[in-house]
Amino acid sequence: PLVGNDFTGWQIYHSEEYGFEIQYPPHYEIHEEWWQEGSPTADLRAILVRPIAGNPSSSPVISLYSSAGTLEETYQLIGEAKDPNVTKGPTDLNGLSAYFYEYENEVGGQSKEIMVPLPTEFQSGKTLILLVMNTSLELEQILSTFRFLD
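Computed from a predicted structure; not experimentally measured. (Residues numbered from 1 in each chain as written. Predicted model: local features only at pLDDT ≥ 70, side-chain atom pairs only at ≥ 80, totals over all residues. Heavy atoms only, no water.)

1. Side note on the pattern of salt bridges
Here's step 1: If you walk through the whole model with that rule in mind, you get three salt bridges.
Here's step 2: In this structure, E21 engages R147 in a salt bridge whose closest nitrogen and oxygen atoms are separated by 3.0 Å. Of this pair, E21 sits in strand β2 (residues 20-24) while R147 sits in strand β10 (residues 147-148); the two residues are 126 residues apart in sequence, bridging distant segments of the chain.
Here's step 3: Given a relative accessible area of 8%, E21 falls into the buried group.
Here's step 4: R147 is the salt-bridge partner of D150, the closest N and O atoms lying 4.0 Å from each other.
Here's step 5: Residue R147 is classed as partly exposed on the basis of its relative accessible area of 35%.
Here's step 6: Each member of the salt-bridge network shares a partner with another, and the members are E21, R147 and D150. (Salt bridge = Lys/Arg side-chain N within 4 Å of Asp/Glu carboxyl O. Helix = DSSP H or I, 4+ residues; strand = E, 2+ residues; numbered from the N terminus. Buried < 20%, exposed > 50% of the residue type's maximum accessible area, 1.4 Å probe, protein only.)

Quick look at the structure:
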């Protein structure tokens, strides 16, 4: 686990297409997967995964993908599919205005979806969604490194 804000040895993933960067520890890797064209929710999904020895199909722990809708549209669309008892509302992601949903996932862990609007110069009118499976201190530390590029 990370101590303080020492990100020594962490790698940086840059998305020129969506204009963000995020850092991740050496025991994670990035995998980009194109979703089917015309998907109602996404164009590209960039996944941080915890490698599983000998298993290249490890499950993602943080997924980043774009939605064609605005922040408010995306928040409402995702909310329609959620249990009405989930924790939800406006939030702050490293100084960015965002919305979130937090809920118990199918394996009994806590998941969080954070929605933040993409900067106009990259994908005007679209929303970036950060889906965190099984929230933990380490995943929160990874999220703390997320930022849009200047």
